[in-house]
Each structure stands twice: as structure tokens, then as C-alpha cells.
Amino acid sequence: QQQVKQSPQSLIVQKGGISIINCAYENTAFDYFPWYQQFPGKGPALLIAIRPDVSEKKEGRFTISFNKSAKQFSLHIMDSQPGDSATYFCAARPDHAGGTSYGKLTFGQGTILTVHP
Amino acid sequence: NAGVTQTPKFRVLKTGQSMTLLCAQDMNHEYMYWYRQDPGMGLRLIHYSVGEGTTAKGEVPDGYNVSRLKKQNFLLGLESAAPSQTSVYFCASSYWGTAPEAFFGQGTRLTVV
């Protein structure tokens with residue numbers, strides 16, 4: 001059962017354009033929503049994260065938009081650069097009060113982003 | 001500061017062979033995890049540990065065993081490898097609470113023939 005659904009599977013953007021990746025979740029106990037960036041041959045690394053008490057978080061060219069009622073969140077990459085070409089994963093983690101969650105992250109399927117120069 | 005280190009980085013196994021993947025972290029994290037990454041499937045949790053001497057099953061535990069004898073190490077074992085276990089394996093570690101970021105190792109690419 002896929003609790004976090006991510007789209008699109010792949011995305012091609014021109015340099016300077018906006019990249020948008022969307023995720024939807026089912027478990028209302030999720031309370032932490034990170035995005036990870038993975039370059040070929042490397043492990044995923046935290047890019048930006050948000051908690052459901054805010055609707056948007058921005059760090060440089062990267063912005064997370066969060067819609068709690070729709071159970072959706074998205075990553076926007078402004079002024080996309082060739083160096084942003086990577087695989088992006090959204091993820092979600094339940095509240096510790098959920099008991100047996102123990103910090104387990106549930107990941108989306110991943111989006112391969114290619115930014116053409 | 002090494003972070004999370006996985007060994008080996010690459011391995012080819014024959015069906016039925018066994019092996020152990022080692023994960024070591026130097027950040028004094030309580031929580032450690034093993035994930036597998038397959039195309040179009042994202043990262044799926046195999047097993048995890050919330051502290052030394054504890055382990056628990058994740059989403060896809062069948063065919064794998066784990067041990068956490070020391071806080072800094074988390075071992076993933078394949079007792080009888082199958083072609084379906086061909087994958088890239090990632091170890092991760094994290095704190096809980098206000099700093100829940102998970103730190104990942106570089107991965108182990110395993111091929112079972």
C-alpha cells in the first residue's frame with residue numbers, strides 16, 4: 001500500500017524554468033514532510049522540510065507548499081538550473097504520539113528531474 | 001566527520017549465497033534504518049532499530065535479517081540471496097524530536113545472479 005503518491009515520475013525543464021513536483025498522502029497522522037534530493041551514485045540528502053502548521057516554506061529557490069485539507073504538498077524549484085538535475089523524493093513521517101511509528105519515513109516513488117541548459 | 005558509512009559499495013552474489021551489509025554511523029543517533037531502492041518504487045523500509053539491541057520489521061522484511069549489537073552499527077543480512085533482492089540498499093540514521101532529519105549512507109549496489 002503506497003501511502004505517499006508522487007508525480008510526475010520524470011520531468012524535463014529548461015534552464016530558468018519552474019519545476020513542480022507533487023505528492024499526496026493518506027495517513028492523517030503524518031506530521032513531518034521532508035523532500036530529499038539524490039544525485040546519481042549518492043544517497044538521498046535532506047533538501048527542505050515542512051510541518052503541517054504552516055502552508056509554505058521557502059529556502060532559496062526551493063519552496064514547499066502544503067495543503068492540509070487536501071492532504072497534498074508540493075516542491076517548487078524556481079529558476080531551475082542544470083545542477084538541480086537529480087531524483088527528488090517526497091516523504092512523510094507520523095507523529096511520535098502515534099506509538100509505533102519510531103520516526104519511520106514513508107517515501108514517494110521519486111521524480112527524475114532533468115534541467116536542460 | 002564520516003556520517004553514515006556503508007560497506008561494501010558493490011557486490012555480486014549467486015542465488016542462494018549469503019552476505020552481510022554493514023552500516024556504521026558516528027553521530028550517536030538512536031534510530032537506524034535499512035531501505036531498498038528500486039526503479040519506480042521509491043525507498044522502501046526493510047528493517048529498523050530504535051536503539052542498541054532492538055530491531056523491528058519494516059514494509060518489506062522478508063528474506064532479510066538485522067542486528068544492532070552496538071549503537072553505532074546496524075547490520076543487514078541476506079541468508080539465501082534471490083534475484084528479487086537485486087537492488088540498491090541504503091542505510092540511514094536519525095535522532096527523534098526536533099531534529100528528525102535522516103542521514104543516508106552512499107548505498108550498496110547488490111546484484112544477485
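These figures come from a predicted structure and were not determined experimentally. (Residues numbered from 1 in each chain as written. Chains lettered and ligands numbered in written order. Predicted model: local features only at pLDDT ≥ 70, side-chain atom pairs only at ≥ 80, totals over all residues. Heavy atoms only, no water.)

Of the regular secondary structure elements, chain A holds 0 helices and 11 strands. Relative to its length of 117 residues, chain A is compact, with a C-alpha radius of gyration of 14 Å against a globular reference of 13 Å. Buried residues in chain A amount to 44% of all 117 residues. Residue pairs at least 24 apart in sequence account for 56% of intrachain contacts in chain A once pairs closer than 6 positions are excluded. Only carbon and sulfur atoms are counted for the fraction: they give 51% of the accessible area of chain A, which is about 5500 Å². Of the charged side chains in chain A, 11 are positive and 8 negative, and the gap between their average positions amounts to 4 Å. (Helix = DSSP H or I, 4+ residues; strand = E, 2+ residues; numbered from the N terminus. Rg over C-alpha atoms; globule rule 2.2 N^0.38 Å. Buried < 20%, exposed > 50% of the residue type's maximum accessible area, 1.4 Å probe, protein only. Contact = heavy atoms within 4.5 Å. Areas by Shrake-Rupley, 256 points an atom, 1.4 Å probe, with all protein chains shown as cover. Lys, Arg positive; Asp, Glu negative; His and termini not counted. Charge placed at Lys NZ, Arg CZ, Asp CG, Glu CD.)

Enumeration according to the criterion identifies 7 salt bridges over all chains in this entry. Taking the shortest distance from any N to any O, the salt bridge between Glu 30 of chain B and Lys 71 of chain B comes out at 3.0 Å. Of the two residues, Glu 30 of chain B is situated in the loop between strand E3 (19-25) and strand E4 (31-38) and Lys 71 of chain B in the loop between strand E7 (64-67) and strand E8 (73-78); the sequence distance between them amounts to 41 residues. Looking at Glu 30 of chain B, the relative accessible area reads 34%, which means it is partly exposed. A network of salt bridges, in which partner residues are shared, links Asp 31, Arg 51 and Arg 93 of chain A. (Salt bridge = Lys/Arg side-chain N within 4 Å of Asp/Glu carboxyl O.)

Right, let's get into a nonpolar patch on the surface. A contiguous nonpolar patch, built from Ile 18, Ile 20 and Met 78 of chain A and spanning about 240 Å² of accessible area, is present on the exposed surface. Positionally, Met 78 of chain A belongs in the loop between strand E8 (72-77) and strand E9 (86-94). (Patch = residues over 30% accessible without salt bridge, like charges linked within 9 Å, V, L, I, M, F, W, Y side chains within 5 Å.)

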